[in-house]
Amino acid sequence: MSTAPQTDGGADEQFVDLLAGHLDRHARRTPGRKKAAAQSADPALLAAVVTELRAETTWASGPPPALRDSILSRVRAHAAEQRVVEQRVVEQRVAEPASEPLTAPEPAPEPLSASEPLSAPGAVSAPVPPTGGPATTVPAPEPGPRWWHPAQWRPRMGRLTWALPAAALGAAVFTAGVLAVDRMLDPQPRADVYVAAGTDLAPEARGTVSVVDTRSGASVVLEPVGLPAAAPGSYYAAWLKGPRGTVPIGSFHERRSGVPIELWSGVDIADYTTFSVTLQTEGAPPTPSGLVVMTAVLNP
Amino acid sequence: MLVRFRAGDADALGEVYDRYSRSVWAVAMTVTRADHLAQEALQETFIRAWNSASAYDPERDLGPWLLTIARYTALDLIRRELRPTRGGHEAEQDAVVEAPDLDVAWLSWKVQEALRQLADHEREIIRLSFFDDLTHAQIAQRLELPLGTVKSRSHRAHRRLAELLAHVRDPPQSGDDANQTGTGGRTTIGKAGSEGRSDG
């Protein structure tokens, strides 16, 4: 997985010498180093490497730490959804054969056989071939059904006596199992978590935006860090922005830091691409002031 | 870990993230040149990678495969930003983003991977020299080391870095199986040398 240094080949050795020498000359501020580089075999690449080493991106501290949790939470939520779907499919497949003995039409009246055991619970729940079976192939001791004879009824009643409660019990267990698994794996509506970043007006601010689609609308919970409290006479307003326009979803002052701010949206979040927080002035029109302090990209 | 990653294990994705997030971030920043777009590109890269993990060939190095996803994901975002919008989307209308040079993304990736493999003291001396723009004498003062030690360490660090970048001229391994978005224009790396950076 790592890119171990490999300097096979003369061309690579030459390039290594060339690049190492160029870096040395650059670090020593050797006069004429640019001219020397320009006369080398690959001047553009040498310059590009130096540019890269001088770039802030190269030495920046990397992505914001919150992104890792955001990615993994989304992936885990997706995986959990898949597991629930797969489990439901499996359970549905298991349940279908169990109901067959009850719904399948009764075969032709079977002659009573001394060798045929009375119906057992296991026999009821086990899948039964639709036709055929040892009992059906056993010849009747006497020709013609004698349905009025009580001896004909007893085994059939006995079989149904076992089958109905067992099937009902199986269905109840299955239903309870599905509900239990459903509640266990999906106890809460899934939250989509996005990372919010401060703008130049609040460069220290950062946080997460959790969006949960509930029956009463979309809950948008902002957990800001480093966002200063709004000064008296001002407040923060949160907005959703997208092709359909800009929608206000609530206001707050952040004078108690560390408390999640719950906002509500009456519009479908899927139609909006940007979450933003603006600094507003009390008494001013309730439209976005343009003083954006935090933003997050939604629905990437 | 790669086997678990290929099987869709979220924990394995976390390990892949820990290993490659910095390089993916460098590529995302290089391509998008905007922090919020880079964040989006990074998230999308790892989610796309996880979704496509079953297509990943464990016999091949994960890095170039991930790089391919990263740069095309970032390019997708750039294209989205360049797309004309309706409905008063002022931020997007104002965004002026040039399609970046693909080889710059490759170089960013290679440099990040190379720096990651250097010893801490080697990386530090290169940072002080190139990013902080200090002379050997200033570095010696900063690190409280003899000037000769700084010079020799600097030389060894440059040599080691050059060895790790020996294959930077080679085109990246094909990761076309991960590329579902098509390619953008591919220009020479010479452009990067004169471009400079505006990212912050």
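Definitions and cut-offs
Residues numbered from 1 in each chain as written. Chains lettered and ligands numbered in written order. Predicted model: local features only at pLDDT ≥ 70, side-chain atom pairs only at ≥ 80, totals over all residues. Heavy atoms only, no water. Helix = DSSP H or I, 4+ residues; strand = E, 2+ residues; numbered from the N terminus. Buried < 20%, exposed > 50% of the residue type's maximum accessible area, 1.4 Å probe, protein only. Contact = heavy atoms within 4.5 Å. Salt bridge = Lys/Arg side-chain N within 4 Å of Asp/Glu carboxyl O. Expected span 1.5 Å × (residues − 1). Buried area = accessible area lost by both parts, 1.4 Å probe. Polar contact = N/O pair within 3.5 Å; in protein donor to acceptor, adjacent residues only side chain to side chain. Pairing = 2+ DSSP bridges. Axes fitted to C-alpha atoms, helices over the stretch in contact; angles between N-to-C directions. pLDDT = per-residue confidence, 0-100. Left-handed = near helix turned anticlockwise from the far one by under 90°. Nonpolar A, V, L, I, M, F, W, Y, C, P; charged D, E, K, R; others polar.

(A) Seen up close, the side chain of B:Gln112. Relative to the elements of secondary structure, B:Gln112 occurs in helix H6 (residues 102–117). Its relative accessible area of 5% is what places B:Gln112 among the buried residues. In this structure B:Gln112 touches A:Thr57, A:Thr58, B:Arg22, B:Ser23 and B:Ala26, once residues within four positions along its chain are discounted.

(B) Structural detail: the pattern of salt bridges. Here the structure, examined in full by the defined rule, presents 13 salt bridges over all chains. One salt bridge connects A:Arg76 with B:Asp11, and the closest N-O pair in it is separated by 2.5 Å. Taken together, the positions of A:Arg76 in helix H5 (residues 66–103) and B:Asp11 in helix H2 (residues 10–32) put the pair across two chains. Given the relative accessible area of 43%, B:Asp11 is considered partly exposed.

(C) Structural detail: helix H7 (residues 120–131) of chain B. Across its twelve residues, H7(B) extends 15 Å between first and last C-alpha, which sits within 8% of the 16 Å expected from 1.5 Å per residue. Among the residues of H7(B), B:Glu122, B:Ile125, B:Ile126, B:Leu128, B:Ser129 and B:Phe130 are the ones counted as buried. Summarising the contacts, the buried residues of H7(B) are in contact with helix H1 (10–28), helix H3 (43–54) and helix H4 (56–59) of chain A together with helix H8 (136–143) and helix H9 (147–164) of chain B. Once H7(B) finishes, B:Asp133 follows within two positions and takes phi at roughly 60°, a positive value.

(D) Structural detail: the interface of chain A and chain B. Contact with chain A, which involves 63 residues of that partner, is made by 75 residues of chain B. For the pair chain A and chain B, the summed buried area comes to about 6,000 Å², and 62% of that belongs to carbon and sulfur atoms. Where chain A packs against chain B, one counts five salt bridges. When the shortest N-O distance is used, the salt bridge between B:Arg159 and A:Asp17 registers 2.5 Å. Counting across the interface, chain A meets chain B through 14 residue pairs in polar contact (both at pLDDT 80 or more). Those elements that provide at least two residues to the side of chain A that touches chain B are H1, H3, H4, H5, strand E1 (191–198) and strand E4 (234–242) of chain A.

(E) Representation of the sheet that holds strand E6 (residues 261–265) of chain A. Residues and elements named next belong to chain A. Spatially, E5-E4-E7-E8-E1-E2-E3-E6 is the arrangement adopted by the eight strands of the open sheet, whose pairing is antiparallel. Two strands in the sheet have a free side with no partner beyond their single neighbour: strand E5 (245–252) and E6. Taken pair by pair, the neighbouring strands of this sheet meet at an average axis angle of 25°, ignoring direction. With nine bridges joining them, strand E2 (residues 206–214) and strand E3 (residues 217–225) adopt antiparallel strand pairing. Bridge pairing in E3 links Val209 to Leu222.

(F) Spatial organisation of the side chain of A:Thr58. By the secondary structure assignment, A:Thr58 is in helix H4. Discounting residues that sit within four places of it in the chain, A:Thr58 has contacts with A:Glu52, B:Arg22, B:Val111, B:Gln112 and B:Leu115.

(G) View of the confidence of the model for chain B. All names here are of chain B. Overall, the prediction assigns chain B a mean pLDDT of 77, with 75% of residues at 70 or greater. Taken as a whole, residues 86–100 scores under 50 in pLDDT and shows 21 contacts with residues more than four places along the chain or in a different chain. Within the model, the stretch residues 175–200 combines pLDDT values under 50 with 54 contacts to residues more than four positions away or in other chains.

(H) Highlighting H1(A). For H1(A), which comprises 19 residues, the first-to-last C-alpha distance of 27 Å matches the rise-based estimate of 27 Å (1.5 Å per residue) to within 8%. What H1(A) keeps buried is the set A:Asp12, A:Phe15, A:Val16, A:Leu19, A:Ala20, A:Gly21, A:His22, A:Leu23, A:Asp24, A:His26 and A:Ala27. Summarising the contacts, the buried residues of H1(A) are in contact with helix H2 (33–38) and H3 of chain A together with H7, H8 and H9 of chain B. One or two positions beyond H1(A), positive phi appears at A:Arg29, with a value near 60°.

(I) A look at the packing of H2(B) against helix H4 (residues 62–82) of chain B. Residues and elements named next belong to chain B. For the pair H2 and H4, interaxial distance at closest approach is 9 Å and the crossing angle is 35°. Read as a crossing pair, H2 and H4 show a hand that is right-handed. On H4, the residues that touch Val16, Tyr20, Val24, Val27, Val31 and Thr32 of H2 are Leu62, Gly63, Leu66, Leu67, Ala70, Arg71, Ala74, Leu75 and Ile78. A per-class count over the contact of H2 with H4 returns twelve nonpolar, two polar and one charged.

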